[in-house]
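Residue-level structural notes
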Amino acid sequence: KILITGAAGQIGTELTTYLQSIYGDDQVIASGRHEELHFNAIYEKLDVLNAGQLVEVIRRHRVDSVIHLAAILSAKGESDPEALWQINMNGLYNVLEAAKATSVSVFTPSSIAAFGPETPLDRTPQVTIQRPRTIYGISKVAGELLCDYYYHHFDVDTRGVRFPGLISHEALPGGGTTDYAVHIFYKAIETGGFICDLEPKTFLDMMYMPDALRAIVELMEASPTKLAHRNAYNITAMSFSPEILAKEIQKHLPNFKMAYDINPVKQAIADAWPNSLDDGCARTDWGWKPEYDLPAMTTHMLKVLGAKLRPASTP
Ligand code: VAH
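Residues numbered from 1 in each chain as written. Predicted model: local features only at pLDDT ≥ 70, side-chain atom pairs only at ≥ 80, totals over all residues. Heavy atoms only, no water.

For the protein chain, an unreviewed UniProt entry supplies the name Nucleoside-diphosphate-sugar epimerase and the organism Acidaminobacter hydrogenoformans DSM 2784. According to UniProt, the comment filed for the protein chain under the heading Sequence similarities (unreviewed entry) is "Belongs to the NAD(P)-dependent epimerase/dehydratase family." (UniProt positions renumbered as here; feature names shortened; annotations may be inferred.)

Look at helix α6 (residues 180–190) against helix α8 (residues 242–250): their axes get within 11 Å of each other, and the N-to-C directions meet at 30 degrees. On the basis of the axis angle, α6 is roughly parallel to α8. The crossing of α6 and α8 is right-handed. Together, Y180, A181, I184, F185 and A188 of α6 and P242, L245 and I249 of α8 make up the contact between the two elements. Residues that form the contact of α6 with α8 fall into these classes: eight nonpolar, no polar and no charged. (Axes fitted to C-alpha atoms, helices over the stretch in contact; angles between N-to-C directions. Helix = DSSP H or I, 4+ residues; strand = E, 2+ residues; numbered from the N terminus. Parallel < 35°, antiparallel > 145°, perpendicular 65-115°, else oblique. Left-handed = near helix turned anticlockwise from the far one by under 90°. Contact = heavy atoms within 4.5 Å. Nonpolar A, V, L, I, M, F, W, Y, C, P; charged D, E, K, R; others polar.)

Turning our eyes to something else, we now look at the pattern of salt bridges. By the definition in use, this model includes 17 salt bridges. In this structure, the salt-bridge partner of D197 is K266, at a minimum N-O distance of 3.2 Å. Of this pair, D197 sits in the loop between β11 (193–196) and β12 (204–208) while K266 sits in helix α9 (residues 264–271), placing them 69 residues apart in sequence. Among the residues examined, K266 registers a relative accessible area of 13% and is labelled buried. A salt bridge links E218 to R214; the nearest nitrogen and oxygen atoms lie 3.1 Å apart. Of this pair, E218 and R214 are both found in helix α7 (residues 209–221), four residues apart, which corresponds to roughly one turn of the helix. Overall, R214 belongs to the buried group, its relative accessible area being 12%. Beyond isolated ion pairs, a larger network of salt bridges with shared partners links D211, R214, E218 and E291. (Salt bridge = Lys/Arg side-chain N within 4 Å of Asp/Glu carboxyl O. Buried < 20%, exposed > 50% of the residue type's maximum accessible area, 1.4 Å probe, protein only.)

Take a look at the structure:
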């Protein structure tokens, strides 16, 4: 059985449903700090800072894999570094200690945020300089190293990927630097315009949520003998800038208007992140291959949200 922490988050919301469709509802235990979930799943109110509760839930449900998603994201972390360190590091430490005690495997995502200004930003290699300057990025590098430590020293089966910005239409992201690439779709349909908080030519790696969910399952199911790396594999699907995304949306909504009001904190973070990742190791070791490019993702996002949201009143 699979335990998901942070199951009400942007990834967790869709991952819960996706894993239920693959393994069956009774094989997936969603968990989070909220009292309840707003969708159908076996649910445990669980604080990842409560180590004893983690072990109890794992034992009671006979969990054998934990997908640890509970975390604070980059931009929100800069406004409260102490809270981020508590959740992102002590939460992960508790999950790894629980895994050591119960022999469960652990998937936890890293991020393109694990790279910094000294990292080669184009075709960023799998193994390279990692000196991020955000507390989020620092927690991601420390998390990668801690997960590798538990693999090498305690034989805990830890695996992870470095996610790029994730685009989805179910749960909104919770305070990331790449959030503009999600909100733009909602605003394009609701108001016909969007005020972007990153500069027009800011290139960032991005991925559509269906590809991200499949990557988690494919890595978790990969034979250990194929994994030259553990924490964490570079993976990407596309790289674009706000102005390129706006042009792609205008192919569907010709009247869509893009404006800019730069958020200096997010811009500084984005400028230190890669423009494009080299995900060759993931492709070679466990057959990673994205299915959604920018046109396909844009078409699908506008189709799903167009059906869900009230379109902009026609002028
Ligand atoms: C963030 N969406 O912006 C997250 C992610 C690669 C970005 O880590 O913080």
